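Coordinates in review
If you want the building blocks of each chain, they are given just below.
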Amino acid sequence: MKNLIIFYSRRGQNYSDGGIKNLELGNTEIVAEFIKNAIGGTLFEIETEKQYSLDYYKCTEEAKEELKTNARPKLKNYIKTIDEYNNIFICGPCWWGTFPMAMFTQLETLDWNGKNIFAVVTHGGSGFGNCERDLIKTCKGAKLGKGLAIFGSQASNSKDEVFNWAQNTVKSLL
Ligand SMILES: Cc1cc2nc3c(=O)[nH]c(=O)nc-3n(C[C@H](O)[C@H](O)[C@H](O)COP(=O)(O)O)c2cc1C
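Residues numbered from 1 in each chain as written. Predicted model: local features only at pLDDT ≥ 70, side-chain atom pairs only at ≥ 80, totals over all residues.

1. A closer look at the overall build of the protein chain
Keep this limit in mind: Per the convention used, a helix needs a DSSP run of H or I reaching at least four residues, while a strand needs a run of E reaching at least two, with both numbered from the N terminus. The globule rule used for comparison is 2.2 Å times the number of residues to the exponent 0.38, while the radius of gyration itself is calculated over C-alpha atoms. Residue burial here comes from a neighbour count, namely the number of other C-beta atoms, placed from the backbone, that lie within 10 Å of the residue's own C-beta, with 20 or more meaning buried, 12 or fewer meaning exposed, and in between meaning partly exposed. Contact definition: two residues whose C-beta atoms, as placed from backbone geometry, lie within 7 Å.
Scanning the protein chain for helices and strands turns up 5 helices and 8 strands. Computed over its C-alpha atoms, the radius of gyration of the protein chain comes to 15 Å, within 12% of the 16 Å expected for a compact globule of 174 residues. If one aligns the C-alpha atoms of the protein chain with their principal axes, the spans along those axes are about 45 × 35 × 25 Å. For the protein chain, buried positions account for 36% of its 174 residues. Sequence-distant contacts in the protein chain: of pairs separated by 6 or more residues, those separated by 24 or more amount to 79%.

This is the structure in structure tokens:
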């Protein structure tokens, strides 16, 4: 069983623990690394050609506009195929209730038939929001398993939770 961990994560200013903080590593990036450490797999980072504003509030406005226009921002690199993977962990922040539009840019190019997929979402209170619903719509032919939602501010404390969840998830697939 091969695992692919696709993640989007934004470094820089973020809202955490009731204030604006400058994050060296994005919250989702931390969680994605924990998954890799727990079960192994290939990490793939989704990066947009155009950088979002490092300013938190400006970034939320840019993201809101992208959601409103159902944009598909161009990426620096694309995964061409997921043929060799069985389990794909789709990890990202909840932005205005769903994954950043850039995630859909990538997901829509792939053939999902027969894949096991899992939503891994870091958030500031919305939980999964519409992330799982939107994955089911996008990844046609895939089977959505039980995902994981983590408060962004708890990302670096979530190691045990992520390890247990990831290992149980993989065991349940054997
Ligand atoms: C553009 C933007 C929109 C966001 N929208 C939401 C939201 O709708 N619900 C929520 O709970 N948190 C929201 N947040 C907070 C992020 O989901 C949270 O901080 C997350 O852990 C960031 O992950 P990252 O550091 O990997 O990018 C938003 C943050 C940004 C920057």
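So much for the structure itself; the text now carries on.
2. Brief notes about the nonpolar core
For clarity, the threshold we go by: Any set of buried Ala, Val, Leu, Ile, Met, Phe, Trp, Tyr and Cys residues joined through C-beta atoms within 7 Å is what this text calls a nonpolar core.
Val-31, Ile-35, Phe-89, Ile-90, Cys-91 and Val-120 are the most contacted members of the largest nonpolar core, which totals 41 residues. Of all the secondary-structure elements, those providing two or more residues to this core are β1 (3–7), α1 (27–39), β5 (87–93), α3 (101–107), β6 (116–123), α4 (131–138), β8 (148–151) and α5 (159–173). Sorting elements by how many residues they give to this core places α1 first, with 7 residues. For Ile-90, the residues in contact, after removing those within four places along its chain, are Ile-6, Met-103, Ile-117, Phe-118, Ala-119, Val-120 and Leu-135.

3. Description of α4
To keep things clear, this is the line we draw: Starting at the helix axis, one direction is taken to each C-beta atom, and the arc is that of these directions.
By the burial criterion, the buried members of α4 are Cys-131, Glu-132 and Leu-135. Buried residues of α4, viewed axially, fall in a sector of 95 degrees; they line one side.

4. Structural notes on the environment of Asn-86
With respect to the element layout, Asn-86 can be found in the loop between α2 (56–68) and β5. For Asn-86, a count of 14 C-beta atoms within 10 Å translates into the label partly exposed. Measuring from C-alpha to C-alpha, the distance between Asn-86 and Ala-38 comes to 17 Å, with 48 residues separating the pair along the chain. Asn-86 has contacts with Met-1, Lys-2, Lys-115 and Asn-116, leaving out every residue within four places of it along the chain.

5. Focus on the site of the ligand
The following threshold applies: Near residues are defined by distance alone, with the backbone-placed C-beta atom required to lie within 6 Å of the molecule or strand.
Close to the ligand lie 23 residues, the nearest being Gly-26, Thr-28, Pro-93, Ser-126 and Gly-152. Among the elements of the structure, β2 (12–16), α1, α2 and β6 are those that each provide at least two residues to the shell around the ligand.

6. Comments concerning α1
To keep it simple, the criterion reads: Residue count minus one, scaled by 1.5 Å, sets the expected span of a helix.
Over its 13 residues, α1 extends 19 Å from the first C-alpha to the last, a length consistent with the 18 Å expected when each residue adds 1.5 Å. In terms of burial, α1 is largely enclosed, as 10 of its 13 residues are buried.

7. Here we look at the environment of Asn-164
On the secondary structure map, Asn-164 appears in helix α5. For Asn-164 and Ile-35, which are 129 residues apart along the polypeptide, the C-alpha to C-alpha distance reads 9.6 Å.

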